[in-house]
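So you can see what is in the structure, the chains are spelled out below.
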Amino acid sequence: MKPREDFAELGAASPKPDLKDPRVVLSLLETDQVVAAKQQTRFGRRTLSPGIKILLWGLRVYVVVMFVLVVVSVIRATHSAP
Amino acid sequence: MTGRKQDSETGSFGSARPTTEIAASSPAAGDLVGLLTHEDVDRARDRWRVTRARWQGRGAQRFRPLRVLWLLVGPGVLVFLGENDAPSMLSYSATGARFGIGFFIPFVVLTFLIGLVVQEMTVRLGAVSHRGHAELIFDRFGKFWGFFSMGDLVIGNFLTLITEFIGIRAGLGFFGIRPVVAVGVGLVAVVGAITTGRYWTWERITLGLAIFNGLFIPAAILAHPDWPGVGHALLTWTPLPQGRAAEILLLILADIGATVTPWMIFFQQSAVVDKGMQPRDIRAGRFDTLLGATLAAIFAIAAILATAPLFHHGIDASQFQGAQFAEALAPWIGHVGAALFALGIFEAGIVAAIAISTSSAYAFGEVTGTGHSLNRPVRDAWPFYSTLLGSTCAAAALVLIPHAPLEFVVLTVNVIAVLAMPPALAFLILLVNDRDVMGEHVNGFWENAAGIVVTVLLVGVGIAFGVTTVFPKLLGG
């Protein structure tokens, strides 16, 4: 495998690269930047520890409660508006 | 590249991993040759410019960094100037009009430092993973948490989009332009920016518009601010705001929400990916983010300074909307200053409408697995462009409904942004500490400490808001 710099500079060395040549396009992109390559791979689900689950649920409850309170404050402001 | 290709029997996907492997040197290069898209070619063109600027620069050391930075600046400046949007500039204006020069000047600087800590993480996440934020949340945490996260984003983005069109209408309303025409101008700007079919062109057009956020600077200068007072406030955080604690807390919340919001995380990460940034560009991405935060902080402070005369002359601005600020300012900063202020609100709405609608479209495309790049032609990514235009048109139409109670949307949109931020930050911090995604670019101790402090601070401010809502008399409200 050629070193990364060599490939990058291969495309860059051309004053006007021929981007119709797929090899030139591939020499300028990292593998995961190519749409087709990215579509074929996933990082996959991570394991959520109990601590992380508690954190996420806690923050979810926090958001729901806060949104309710925003609605309450809006209703209150509506009724107190002249 | 072993295991990267989709398993044809099980339909499962290969494992992604953090890598800087060039596609041409990948074992899958032969397969990829026939699968390249318009998006890949455009992105390769952008990468060629950056690589060539670095390569050529070896003979011209002095200008090399500037040339490279010019090519890589974009997402960071756009996200911060986009967040200096109509409701944000109105929050800063209300702050200046209510409390003048004092505590809130350094406080605004602090909020941008908070924003900087958050957005720097999105740069690394995008440059290393080459995936958008919504895509990574669905991928790593599953659909259950993904849909919750998307729910927060969709609600926040749509409400904010409405306020951008309120700002557009109010800004042009100062010049006597009818609401339907003003809203039409906003729509044309959004459509015009995306019809180029190139991320690079879209980014430069939007950057060109965003720089007019600086209109608040001449407006501030025309207000003849007390510069020693500004310096004193920056150094001492005084004078402290006087008045009802509940009102002060609401402005604190609104000013934080004017700087850190969930859409910024989703937008900048997706823009970094669409721009084609790579791990070697992270330093430039950090500079881009710092530049954006600095410019936005200066413009935000300028809005506070521009409206400070209302405080000094005892004018009650508590019920003011965009154009009313400009009209009230005219006797103190002149018609030209007021016009600049109104144009600034208009510009803030336009740029934010472009950025926020794009953020929604990116997230939609990432979640549904459909094309989601501004480098794609409309025929290849019509769901992406439909989401972008559909959300924009719906928000624009709502603003034109007579007597719609939209003032409450303006008042609460920044508050909602702050309240929705802690879960978004939790996902961000978890992702950026995920070695399977980030490899060597995971957060260090100080980055985690800063991220956790910001999250705890936002939760604390949110709880304070909750307490004052449930017990309005507790803080003298």
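These figures come from a predicted structure and were not determined experimentally.

Visitor: Please set out the overall build of chain B residue by residue, giving values where relevant.
Guide: Along its length, chain B carries 19 helices and one strand. The C-alpha atoms of chain B give a radius of gyration of 23 Å, which matches the 23 Å a tight globule of 477 residues would have. Projected onto its principal axes, the C-alpha positions of chain B cover 70 × 50 × 45 Å. Looking at the 477 residues of chain B, the share that counts as buried comes to 62%. Here the analysis covers contacts within chain B between residues at least 6 apart in sequence; of these, 83% occur between residues at least 24 apart. By element, 68% of the accessible surface of chain B is carried by carbon and sulfur atoms, the whole surface being about 17,500 Å². Taking the average location of the 31 positive side-chain charges in chain B and that of its 32 negative ones, the two points are 7 Å from each other.

Visitor: Account for a nonpolar patch on the surface, naming residues and giving values.
Guide: Residues and elements named next belong to chain B. Among the surface-exposed residues, F175, I177, V180, V181, V185, L343 and L400 lie close enough to one another that they form a single nonpolar patch of about 490 Å² accessible area. By residue number, the principal contributor to the nonpolar patch is helix 8 (residues 179–194), which donates three residues. Counting through the fold element by element, F175 comes out in the loop between helix 7 (133–173) and helix 8. Exposure remark for F175: the relative accessible area of 37% places this residue in the partly exposed category.

Visitor: I'd love a proper account of the nonpolar core, names of residues and values included.
Guide: Ranked by size, the top nonpolar core spans 163 residues in total, and within it B:Y92, B:F141, B:F165 and B:W202 carry the most contacts. With 23 residues, the single largest contributor to this core is helix 15 (residues 322–368) of chain B. One finds A:V25, A:L26, A:L28 and A:V34 within the second-largest nonpolar core, a separate group that totals 15 residues.

Visitor: An account of the interface of chain B and chain A is requested, with residue identities and associated values reported.
Guide: Taken residue by residue, the interface counts 80 residues in chain B and 57 residues in chain A. Summing both sides of the interface, chain B and chain A together bury roughly 6,600 Å²; the carbon and sulfur share of this comes to 66%. On the chain B side of the interface with chain A, the three residues burying the most area are B:W48, B:R140 and B:W145, jointly 10% of the side's total. In this assembly, chain B and chain A are joined by three salt bridges. Its salt-bridge partner being A:D32, residue B:R131 comes within 3.4 Å of it at the nearest N-O pair. At the surface where chain B touches chain A, the tally comes to 18 residue pairs in polar contact (both at pLDDT 80 or more). Counting residues per element, the ones that place at least two in the side of chain B that touches chain A are strand 1 (14–15), helix 1 (29–32), helix 2 (38–56), helix 7, helix 17 (407–432), helix 18 (435–438) and helix 19 (445–470) of chain B. In the side of chain B that touches chain A, the residues fall into 42 nonpolar, 19 polar and 19 charged. Sheet analysis places strand 1 (residues 41–42) of chain A next to strand 1 of chain B, joined by two bridges and oriented parallel. Across the sheet, the residue bridging to A:R42 is B:S15, located in strand 1 of chain B.

Visitor: Could you give an account of helix 13 (residues 262–275) of chain B, naming the residues involved and the relevant values?
Guide: All names here are of chain B. Along its 14 residues, helix 13 runs 20 Å from first to last C-alpha, staying within 8% of the 20 Å computed at 1.5 Å per residue. Within helix 13, 14 of the 14 residues are buried, which leaves the element mostly enclosed by the surrounding structure. After helix 13 finishes, the residue G276 shows a positive phi value of roughly 85°.

Visitor: Before we move on, could you go through the confidence of the model for chain B and cite the residues and values that matter?
Guide: Residue and element names in this part refer to chain B. Of all residues in chain B, 94% have pLDDT values of 70 or greater, and the mean over the chain is 89. In this model, residues 1–11 is a region of pLDDT below 50 whose contacts with residues beyond four sequence positions or in other chains number 24 contacts. The ipTM value of the predicted complex is 0.87, and its pTM value is 0.91.

Visitor: Account for the confidence of the model for chain A, naming residues and giving values.
Guide: Residues and elements named next belong to chain A. Summing up the model confidence of chain A, the mean pLDDT is 82 and the portion of residues at 70 or higher is 80%. Helix 1 (residues 4–12) is the least confidently modelled element of chain A, averaging 53 in pLDDT, while helix 2 (residues 22–28) averages 90, the highest of any element. Predicted confidence for residues 1–5 stays below pLDDT 50, and this span has 10 contacts to residues more than four positions away or in other chains.

Visitor: So what's going on with the side chain of B:T261? Residues and values would help.
Guide: Residue and element names in this part refer to chain B. Mapped onto the fold, T261 is located in the loop between helix 12 (245–257) and helix 13. Of the residues examined, T261 reaches a relative accessible area of 4% and is grouped as buried. Of the polar contacts made by the side chain of T261, one reaches the side chain of W263; its length is 3.2 Å. Dropping the residues within four chain positions of it, T261 is found in contact with E83, A417 and M421.

Visitor: Let's hear about unusual backbone geometry: which residues, and what values?
Guide: Residue and element names in this part refer to chain B. Looking along the chain, the bond that leaves T238 and enters P239 is cis, with omega of -5°. The residue P239 is located in the loop between helix 11 (227–236) and helix 12 in this model. In this structure, H130 takes a positive phi of about 60° despite not being glycine. With respect to the helices, strands and loops of the structure, H130 is situated in the loop between helix 6 (104–129) and helix 7. A positive phi angle, close to 60°, is found at W237, a residue other than glycine. Within the fold, W237 resides in the loop between helix 11 and helix 12.

Visitor: Give a detailed account of the pattern of salt bridges, specifying residues and quantitative values.
Guide: All names here are of chain B. Summed over all chains, the structure comprises 21 salt bridges over all chains. When the shortest N-O distance is used, the salt bridge between R140 and D436 registers 3.4 Å. Taken together, the residues span a long stretch of sequence, with R140 in helix 7 and D436 in helix 18 at a distance of 296 residues. For R140, a relative accessible area of 3% corresponds to the buried category. Several salt bridges converge on common partners, so that one network encompasses D42, R45, D46, R49 and R198.

Visitor: Explain the environment of B:G156 to me, using residue names and the numbers behind them.
Guide: Relative to the assigned elements, B:G156 resides in helix 7. For the pair B:G156 and B:S91, spaced 65 residues apart in sequence, the C-alpha separation works out to 17 Å.

Visitor: Which residues make up the packing of helix 6 of chain B against helix 13 of chain B, and what values do they have?
Guide: Residues and elements named next belong to chain B. One can describe the packing of helix 6 onto helix 13 by two numbers: an axis separation of 8 Å at closest approach and a directional angle of 35°. Both helix 6 and helix 13 take part in a crossing whose hand is right-handed. From helix 6, V118, Q119, T122, V123, L125, G126, A127 and S129 reach across to helix 13, where they touch M264, I265, Q268, Q269, V272 and V273.

Visitor: Give a detailed account of the packing of helix 7 of chain B against helix 13 of chain B, specifying residues and quantitative values.
Guide: Residue and element names in this part refer to chain B. The geometry of helix 7 relative to helix 13 is characterised by a closest axis approach of 10 Å and an angle of 125° between their N-to-C directions. Overall, the two elements helix 7 and helix 13 adopt an arrangement that is oblique. As helix 7 packs across helix 13, the resulting crossing turns out to be left-handed. From helix 7, H133, A134, L136, I137, S149, L153 and N157 reach across to helix 13, where they touch P262, W263, I265, F266, Q269 and S270. For the contact of helix 7 with helix 13, the residue count by class is eight nonpolar, five polar and no charged.

Visitor: For helix 6 of chain B, give the residues involved together with the corresponding values.
Guide: Residues and elements named next belong to chain B. Helix length check: helix 6 (26 residues) gives 37 Å between terminal C-alpha atoms against 38 Å at 1.5 Å per residue, within 8%. Within helix 6, 21 of the 26 residues are buried, leaving the element largely enclosed by the surrounding structure. One or two steps after helix 6, the chain reaches H130, where phi turns positive at roughly 60°.

Parameters and conventions
Residues numbered from 1 in each chain as written. Chains lettered and ligands numbered in written order. Predicted model: local features only at pLDDT ≥ 70, side-chain atom pairs only at ≥ 80, totals over all residues. Heavy atoms only, no water. Helix = DSSP H or I, 4+ residues; strand = E, 2+ residues; numbered from the N terminus. Rg over C-alpha atoms; globule rule 2.2 N^0.38 Å. Buried < 20%, exposed > 50% of the residue type's maximum accessible area, 1.4 Å probe, protein only. Contact = heavy atoms within 4.5 Å. Areas by Shrake-Rupley, 256 points an atom, 1.4 Å probe, with all protein chains shown as cover. Lys, Arg positive; Asp, Glu negative; His and termini not counted. Charge placed at Lys NZ, Arg CZ, Asp CG, Glu CD. Patch = residues over 30% accessible without salt bridge, like charges linked within 9 Å, V, L, I, M, F, W, Y side chains within 5 Å. Salt bridge = Lys/Arg side-chain N within 4 Å of Asp/Glu carboxyl O. Core = buried A, V, L, I, M, F, W, Y, C linked by side-chain atoms within 4.5 Å. Buried area = accessible area lost by both parts, 1.4 Å probe. Polar contact = N/O pair within 3.5 Å; in protein donor to acceptor, adjacent residues only side chain to side chain. Nonpolar A, V, L, I, M, F, W, Y, C, P; charged D, E, K, R; others polar. Pairing = 2+ DSSP bridges. Expected span 1.5 Å × (residues − 1). pLDDT = per-residue confidence, 0-100. Axes fitted to C-alpha atoms, helices over the stretch in contact; angles between N-to-C directions. Left-handed = near helix turned anticlockwise from the far one by under 90°. Parallel < 35°, antiparallel > 145°, perpendicular 65-115°, else oblique.

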